[in-house]
Amino acid sequence: MARGSLVVVGTGIKIANQCTIEARYHIESADIVFEVVGDRLAQSFLLSLNQNVVSLQHLYGRDRARSDTYESMIETILGAVRAGKRVCAAFYGHPGVYVYPSHESVRRAREEGFEAEMLPAVSADACIFADLGFDPGWLGCQSFEATDFVINARKFDPTAVLILWQIALVGDRTLRVFESDPRRIALLAEVLMEDYPADHQVKVYGAATLPIGEPQVQTLPLSRLAEAEITQESTLIVPPVGEAKASPQRLALIEARLAAA
Ligand SMILES: C[S@@+](CC[C@H](N)C(=O)[O-])C[C@H]1O[C@@H](n2cnc3c(N)ncnc32)[C@H](O)[C@@H]1O
């Protein structure tokens with residue numbers, strides 16, 4: 001029997017247009033393609049490349065914790081690898097950005113002695129830097145999953161850009177929530193107002209997913225964040241307040257270590 005293998009790819013955020021040449025190649029040449037790419041158009045794109053596409057989307061369920069869904073996804077993918085197939089698993093965006101089953105499938109496949117790799121792809125933050133016209137290197141940029149940010153009271157630097165992912169689900173610890181709730185968004189705003197002024201202008205961002213679409217950007221003060229239209233695809237961008245200041249201790253350290261002998 002042929003030895004199974006796994007390649008995990010991302011299709012990018014904008015359907016078809018952001019799928020890399022190497023991801024396309026692996027989608028086309030796989031024996032079977034498992035997909036979690038979001039919508040029907042993206043699925044049709046995959047079907048145009050390979051007739052043997054199996055959706056794993058049905059594994060999500062309102063009465064089911066996402067952790068169970070992820071476990072089923074991983075075991076379905078691994079089952080095909082164990083059966084000797086060349087498997088491609090396609091996720092939307094970058095397959096390794098805020099996606100658990102992709103990393104875990106590669107880890108388990110390797111642990112079992114199969115060839116497995118993940119390819120990079122265009123993620124939502126790659127779209128942010130292009131659409132909103134800033135470079136993460138200019139002022140520094142930090143990103144957190146929104147629930148992690150709130151629950152773990154993450155230490156962060158308000159003088160650098162802050163990107164918060166999965167804001168629709170912020171505060172959910174059940175892993176059974178699928179829709180945004182203004183009460184949870186208001187709570188996130190309250191937490192952010194510990195470090196930013198209430199009138200600080202933030203952006204709720206949605207990258208275009210259709211080749212002819214435009215990004216959706218809602219700019220509003222933190223105090224009114226709960227009024228924003230927030231979907232599962234929304235990402236929050238909080239611009240910096242204040243400026244980073246050089247530390248005299250660090251300057252002295254550089255001087256001491258690197259001064260010409
Ligand atoms: C489970 S993560 C998947 C991220 C994806 N793998 C990527 O590479 O961007 C879902 C989160 O990604 C962000 N996201 C996904 N699609 C987006 C879009 N079209 N525009 C903006 N952010 C998006 C949102 O923060 C959303 O809650």
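From a predicted model like this one, the values you see are computed outputs, not experimental measurements. (Residues numbered from 1 in each chain as written. Predicted model: local features only at pLDDT ≥ 70, side-chain atom pairs only at ≥ 80, totals over all residues. Heavy atoms only, no water.)

Asker: If you had to explain the overall build of the chain to someone new, which residues and values would you point to?
Answerer: Looking only at helices and strands, the chain features nine helices and 10 strands. Dimensions of the chain along its principal axes, counting C-alpha atoms only, are 65 × 60 × 35 Å. Counting only residues that meet the buried cut, the chain has 45% of its 261 residues in that class. Seen as two clouds, the 24 positive and the 33 negative side-chain charges of the chain have centres 4 Å apart. (Helix = DSSP H or I, 4+ residues; strand = E, 2+ residues; numbered from the N terminus. Buried < 20%, exposed > 50% of the residue type's maximum accessible area, 1.4 Å probe, protein only. Lys, Arg positive; Asp, Glu negative; His and termini not counted. Charge placed at Lys NZ, Arg CZ, Asp CG, Glu CD.)

Asker: I'd love a proper account of the sheet that holds strand β6 (residues 141-145), names of residues and values included.
Answerer: A sheet is described by the order of its strands in space; here five strands give the open sequence β6-β7-β10-β8-β9, paired in mixed fashion. Edge strands, defined here as strands with exactly one partner in the open sheet, are β6 and β9 (216-221). Averaged over all pairs of adjacent strands, the angle between their axes in this sheet comes to 20°, without regard to strand direction. Examined bridge by bridge, strand β8 (residues 201-206) and β9 share six bridges and lie antiparallel to one another. Residue pairing for β9: Tyr-205 is matched across the bridge by Val-217. Strands β6, β7 (161-165), β8 and β10 (235-238) of the sheet are contacted by helix α5 (residues 124-131), whose axis makes an angle of about 140° with β7. (Pairing = 2+ DSSP bridges. Axes fitted to C-alpha atoms, helices over the stretch in contact; angles between N-to-C directions. Contact = heavy atoms within 4.5 Å.)

Asker: Give a detailed account of the environment of Leu-188, specifying residues and quantitative values.
Answerer: Among the secondary structure elements, Leu-188 is positioned in helix α8 (residues 182-192). Residue Leu-188 is classed as buried on the basis of its relative accessible area of 0%. Along the backbone, Leu-188 and Phe-149 are 39 residues apart, and their C-alpha atoms lie at a distance of 9.2 Å. Setting aside residues up to four positions removed in sequence, Leu-188 forms contacts with Phe-149, Val-150, Leu-164, Ile-167, Val-170, Leu-225 and Leu-236.

Asker: An account of the site of the ligand is needed here, citing residue identities and associated values.
Answerer: Every one of the 19 residues lining the ligand counts as a neighbour, but His-94, Ala-124, Ala-207, Gln-232 and Thr-235 are closest to it. His-94 is positioned such that a nitrogen or oxygen atom in its backbone is 2.7 Å from an oxygen atom of the ligand. In the model, a nitrogen atom of the ligand is placed 2.9 Å from a nitrogen or oxygen of the Val-97 main chain. Isolated, the ligand exposes 570 Å² of accessible area, and the fraction of that covered by the protein chains is 94%. In terms of residue class, the shell around the ligand is made up of nine nonpolar, nine polar and one charged. (Near = heavy atom within 4 Å. Polar contact = N/O pair within 3.5 Å; in protein donor to acceptor, adjacent residues only side chain to side chain. Areas by Shrake-Rupley, 256 points an atom, 1.4 Å probe, with all protein chains shown as cover. Nonpolar A, V, L, I, M, F, W, Y, C, P; charged D, E, K, R; others polar.)

Asker: Now, about the domain arrangement of the chain: what can you tell me, with residues and values included?
Answerer: Domain boundaries in the chain define domain 1 (5-118) and domain 2 (124-238). The C-alpha centroid of domain 2 is placed 26 Å from the C-alpha centroid of domain 1. Listed as interface residues are 16 residues of domain 1 and, on the opposing side, 20 residues of domain 2. Between domain 1 and domain 2, roughly 1600 Å² of surface is buried when both sides are summed, and carbon and sulfur atoms account for 57% of that area. Considering only the side of domain 1, the residues that lose the most area to domain 2 are Ile-13, Arg-66 and Tyr-98, jointly responsible for 44% of the buried surface there. Our count for the contact surface shared by domain 1 and domain 2 stands at two salt bridges. Note that Arg-62 is salt-bridged to Glu-179, the shortest N-O span being 3.1 Å. (Domains from an automatic or database assignment. Buried area = accessible area lost by both parts, 1.4 Å probe. Salt bridge = Lys/Arg side-chain N within 4 Å of Asp/Glu carboxyl O.)

Asker: Just give me the short version of α5, but keep the residues and values in it.
Answerer: Counting along an α-helix, one turn takes 3.6 residues, and residues three or four places apart therefore face a common direction. Within the span of α5, buried status applies to Ala-124, Asp-125, Cys-127 and Ile-128. Along α5, the residues classed as buried sweep out an arc of 155° about the axis, all on the same side. Buried residues along α5 sit against β7, β8 and β10. Following α5 by one or two positions, Gly-133 has its phi on the positive side, about 65°. (Arc of directions from axis to C-beta.)

Asker: Give a detailed account of the packing of helix α1 (residues 21-29) against helix α2 (residues 40-49), specifying residues and quantitative values.
Answerer: The angle between the axes and the distance between the axes are what describe a pair of packed helices. Close contact between α1 and α2 brings their axes to 8 Å; oriented N to C, the two are set at 65°. Our classification of the angle between α1 and α2 gives roughly perpendicular. Along the contact surface, α1 presents Arg-24, Ile-27 and Glu-28, while α2 presents Phe-45, Leu-46 and Leu-49. Here the contact of α1 with α2 is built from residues that sort into four nonpolar, no polar and two charged. (Parallel < 35°, antiparallel > 145°, perpendicular 65-115°, else oblique.)

Asker: Run through the side chain of Glu-104, naming residues and quoting values.
Answerer: Structurally, Glu-104 is set in helix α4 (residues 100-111). Polar side-chain contacts of Glu-104 include one of 2.8 Å to the side chain of Arg-107.

Asker: Just give me the short version of unusual backbone geometry, but keep the residues and values in it.
Answerer: Even without a glycine there, the phi angle at Ala-153 is positive, about 40°. Considering the arrangement of structural elements, one finds Ala-153 in the loop between α7 (146-151) and β7. For Gln-166, which is not glycine, the phi dihedral falls at a positive 55°. Overall, Gln-166 belongs to the partly exposed group, its relative accessible area being 32%.

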